[in-house]
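Commentary on secondary and tertiary structure
Here's the letter readout for the chains.
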Amino acid sequence: MGKSSKDKRDLYYRKAKEEGWRARSAFKLLQLDSQFHLLKGLNRVVDLCAAPGSWSQVLSRSLPEDSAKIVAVDLQPMAPIKGVTSIQADITHPKTLKRILDIFGGEPADFVCSDGAPDVTGLHDLDEYIQAQLILSALQLATALLRPGGAFVAKIFRGRDIDLMYFQLGLLFERVTCAKPRSSRGSSLEAFIVCQGYKPRPGWVPSIINEVFSTEEYFKKMGIERPLIVDLDGEYEEEERVVAPFVACGDLSEYDSDATYTIERSTARVSLDPVQSPTAPPYKTAIELKRKGIIKRT
Ligand SMILES: C[S@@+](CC[C@H](N)C(=O)[O-])C[C@H]1O[C@@H](n2cnc3c(N)ncnc32)[C@H](O)[C@@H]1O
């Protein structure tokens, strides 16, 4: 399947190229912002798992050019974006926090977002586990970086234990909402937790704790045990669960990401080049070997 067929099949993919966004994900942040007004009045912002950089582009276009500081972090190198300081780092590594704080001169952030996703292996349990680790690291960084009242947005996959996470996040933020932008395919479990009004726990000093492997352990270290509802005889136990409000965001008149559209005949045959070529694609070595004639197409 060539890029022109994807251009026709996925209208957000094509629209991203027309509007100069590096990835269609830009529309997810734009649609989240149109619902929650997250990007107003921000000065210090952290974009975790940022490559190739479409969220950073949205941030750099939305924040005041002269005063705002935007830090983008990813394992992959990222081509430069005006007004964005990017660092190539692992968000699960404790040293990453210090690198971000150094750029902010020790000042707290107003907004932390994470669109993190691991390379999918196809092994469902492993993929879910790695995704959970990314959310946990993003949350740890957010609690250590945010000012009181700040906001945190992260990509999640709505799995079995998600309502427990809503409960836990509700202890740290005034409002927790599960949001599904119109540009996120309805057929995918992907959604975004939008946590507003950060309220640090009194007396608790957030830090990056390396030896925790689940949000539950992390909250235990904070002194918050998994809440249980016990019946009167003390025999029946059930975990307390919370259902976060679910909001579909983005204008209803905008494209439905699961639908197929017909592009006007005049433009249908024009395939657009990527806005930013990948800086270090995993297939780079294969291309070099092919160029040297060491490997050949069969
Ligand atoms: C869906 S992409 C992000 C797209 C981005 N928001 C944009 O708009 O262009 C997910 C990114 O997560 C990054 N990632 C995965 N694990 C990471 C980790 N441990 N530390 C930093 N970045 C990570 C990947 O390298 C990948 O670039």
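Source: prediction; values computed, not measured.

**Digging into the overall build of the chain**
Looking only at helices and strands, the chain has ten helices and ten strands in total. Residue burial in the chain is summarised as follows: out of 298 residues, 42% are buried. By sequence separation, contacts in the chain at least 24 residues apart represent 69% of the contacts at least 6 residues apart. A total of about 16300 Å² of accessible surface is found on the chain, and carbon and sulfur atoms cover 52% of it.

**Notes on the pattern of salt bridges**
Applying the stated criterion across every chain, the model contains eight salt bridges. With a shortest N-O distance of 3.9 Å, E19 and K15 are connected by a salt bridge. You can see E19 and its partner K15 sitting in helix α2 (residues 11-19), four residues apart, about one turn around the helix. What you see here is one network of salt bridges that share partners, running through K28, D115, K155 and E190.

**As for a nonpolar patch on the surface**
The grouping of L123, L126, Y129 and F213 at the surface amounts to a nonpolar patch, some 410 Å² of accessible area in total. Along the chain, the position of Y129 falls in helix α6 (residues 124-145). On the basis of relative accessibility, which here comes to 42%, the residue Y129 falls in the partly exposed class.

**A short note on the nonpolar core**
In this structure, L48, I100, V112, F152, F173, I193 and Y218 are the most contacted members of the largest nonpolar core, which totals 45 residues. Here the element with the most residues in this core is α6; it accounts for eight residues. Apart from the residues within four sequence positions on either side, F152 is in contact with V112, A138, L139, A142, L146, F173, I193, V194 and C195. Core analysis: the second largest hydrophobic core is formed by 31 residues, L32, L42, L63 and F111 among them.

**A few points about the site of the ligand**
Close contacts around the ligand come from 19 residues, with G53, S54, D74, D90 and D115 the closest. Residue classes in the shell around the ligand are distributed as ten nonpolar, five polar and four charged.

**Things to note about the UniProt feature "active site" (unreviewed entry) in the chain**
According to UniProt, the "active site" (unreviewed entry) feature falls on K155. Its location among the elements puts K155 in strand β5 (residues 146-157). In this view, K155 contacts S114, D115, G116, A117, Q131, I135, E190, A191 and F192; residues no more than four positions away in its chain are not counted.

About the thresholds
Residues numbered from 1 in each chain as written. Predicted model: local features only at pLDDT ≥ 70, side-chain atom pairs only at ≥ 80, totals over all residues. Heavy atoms only, no water. Helix = DSSP H or I, 4+ residues; strand = E, 2+ residues; numbered from the N terminus. Buried < 20%, exposed > 50% of the residue type's maximum accessible area, 1.4 Å probe, protein only. Contact = heavy atoms within 4.5 Å. Areas by Shrake-Rupley, 256 points an atom, 1.4 Å probe, with all protein chains shown as cover. Salt bridge = Lys/Arg side-chain N within 4 Å of Asp/Glu carboxyl O. Patch = residues over 30% accessible without salt bridge, like charges linked within 9 Å, V, L, I, M, F, W, Y side chains within 5 Å. Core = buried A, V, L, I, M, F, W, Y, C linked by side-chain atoms within 4.5 Å. Near = heavy atom within 4 Å. Nonpolar A, V, L, I, M, F, W, Y, C, P; charged D, E, K, R; others polar. UniProt positions renumbered as here; feature names shortened; annotations may be inferred.

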